[in-house]
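# Close look at the chain arrangement
Spelled out from the first residue to the last, the chains are:
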Amino acid sequence: MASFFNKFQNAVRTFARSPSFSRDPRRLQFEADINRLFMYTSYNSLGNNADEADADQIIDMATKASFDDQQKQVQENIHYQIKRFCTSMDEILNDVNEPPQESQSKVTPSRSGLSLAVGKNSPTPNHPAVPKTRPLKHAELSQKLKDSIGYTLDVKPSQIPHSEAGQGLFLNGEANVGSVIAIYPGVIYSPAYYRYIPGYPRVDAQNTYLITRYDGTVINAQPWGYGDETRELWDGSKTLDTSPNTNVMDKGSDRFWKMLSKPLESSRVWSGGEALERRNPLAFAHFANHPAKEMVPNVMVCPYDFPLTEKDMRTYIPNISFANAEEASMRRFGNFWFKWGSHNSESNGPVLRTLVLVATTSLCDEEVLLNYRLSNSKRRPSWYTPVDEEEDRRRWS
C-alpha cells in the first residue's frame, strides 16, 4: 500500500504542473485536490482486491479525464460510501418490531441560541417527525458501527506535543486509503449569510470549529459539539459563547467590517430544524488536529454535496443549512462576496453543501491528522507548522 500511496502523491505533483490545470493559484489548488481525491476514492471503490496495476490505471485515467468528470466521479464515490454508512446505521438503529413513533412535530421546541440570534418569534410549523430507534447509547452505537464497517471514531486527548492541542480525533479500527473517515457537522452558511455566523465579523475570535469550502460555504461545528445521546429535532442551538473579541482595536478594516455587519432580515432565511441522529459516530471531523513538525496528515477535506432527495439518508447527515434551499447567487471579488442576481435550486435537485474527511493512506488505530492550511497572509499560531507552504499560499490567494 505504501508504494501505491507514493505513486498517487508523485502523480499529484506532476499533474499540478500540467498546463491543463488552471493558472489561477486558488483554482489550481482546488483542481489538484480534486485530482488527488479522484485517485484515492476511485482506488477505494475497487475494494480490497485492488493491486498495483489498478493504481496505474487510475493514475492514467486521472491524466485524461476532465476536471468536471473527475469532480463528478469523486461525488459519486463519496456518496456511495455515505450510503453504505447510512444503511449500516439503519440496520443497527431501526427496530423492525416497533411501530413508527408518533410524530414529535407537534411538540414546540425550546428557543435556541441560533433562533434568538436571527429574531425568530415562533417555532416553524410542520417540523419533521422524529422516528423511534433502538435506545442505544453513543458508545454502544459506535461499537456496533465498527463491527459493521470496520472502524469508528473516538475523541480523546491528542498526542500532538503542544499545550493547545487539547482533544484529538482517533480512528478506532482499520480504514483503507480513500475511505470517508469523518463528517464535518454543524450549521452551514452560504456567503449570502455570513453576517449570521455567531460573532460576526470576527467569527473566529472565540470559535476554532469553523471550516470553509472552496466555494465559500462555511460550516460552524461549535453548536454540534460532541453530539448527544438521541435522535432529535436539531435546530443548531449553540452551547458555547461565540461573541467576538472585544479587545480587537477598532482600526482600518475593523471599521469597514463593522459597516457590513448590519443584520439582515431574518424571517425569510430561517430554515427550522431537522430530525438528525445526534449519536452519529462519524460526526467528529471538527476534532481532527493539525500534524506537528515531522508528522504528516493522513486525511484531507473533500466537499460533498449531499442530495436532499435522499430522504432516507438525511437523518445521518449532521448538518442544517442556515437559509432556505433557494438562495441568492454570490460572486467573489477579491476577498469579498456579493449577491449577484437570483439562484434557483441546483440542476440535479437541492443539495446540502457539506465536508467529509477522506483517508490519504491506510489507517489503523491512530490519530486523525488534517492539514489546516492556515493562511500565510496572517499571523499564525506558534504551534502551526506548514505541511506545504506553497499549498497554503495557493489555497488563500
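Residues numbered from 1 in each chain as written. Predicted model: local features only at pLDDT ≥ 70, side-chain atom pairs only at ≥ 80, totals over all residues. Heavy atoms only, no water.

- The name given to the chain in an unreviewed UniProt entry is Cytochrome P450 86B1-like, with the source organism recorded as Hibiscus syriacus.

### A closer look at helix H6 (residues 138–149)
- Between its first and last C-alpha, H6 extends 16 Å over twelve residues, near the 16 Å set by a 1.5 Å rise per residue.
- The complete set of buried residues in H6 reads His138, Leu141, Ser142 and Leu145. Seen end-on, H6 carries its buried residues on one side only, within an arc spanning 100°. Exposed and oriented more than 90 degrees from the buried face of H6 are Ala139 and Asp147.
- Close packing links the buried residues of H6 with helix H4 (67–93) and strand E1 (151–157). (Helix = DSSP H or I, 4+ residues; strand = E, 2+ residues; numbered from the N terminus. Expected span 1.5 Å × (residues − 1). Buried < 20%, exposed > 50% of the residue type's maximum accessible area, 1.4 Å probe, protein only. Arc of directions from axis to C-beta. Contact = heavy atoms within 4.5 Å.)

### Observations regarding the confidence of the model for the chain
- Per-residue confidence for the chain gives a mean pLDDT of 80; residues scoring 70 or more make up 71%.
- Note on residues 100–124: pLDDT under 50 across the span, and 36 contacts to partners over four residues away in sequence or across chains.
- Within the model, pLDDT remains below 50 along residues 240–268, and this stretch shows 42 contacts once partners closer than five positions in the same chain are excluded. (pLDDT = per-residue confidence, 0-100.)

### Concerning the pattern of salt bridges
- In this structure the tally under the stated criterion is 16 salt bridges.
- Among the salt bridges present, the one from Glu232 reaches Arg278, with a minimum N-O distance of 3.0 Å. On the criterion of sequence distance, the pair formed by Glu232 in strand E7 (residues 231–234) and Arg278 in the loop between strand E8 (274–277) and strand E9 (299–307) is long-range, its members being 46 residues apart.
- Residues participating in the shared-partner salt-bridge network are Asp33, Arg36, Arg373 and Glu391. (Salt bridge = Lys/Arg side-chain N within 4 Å of Asp/Glu carboxyl O.)

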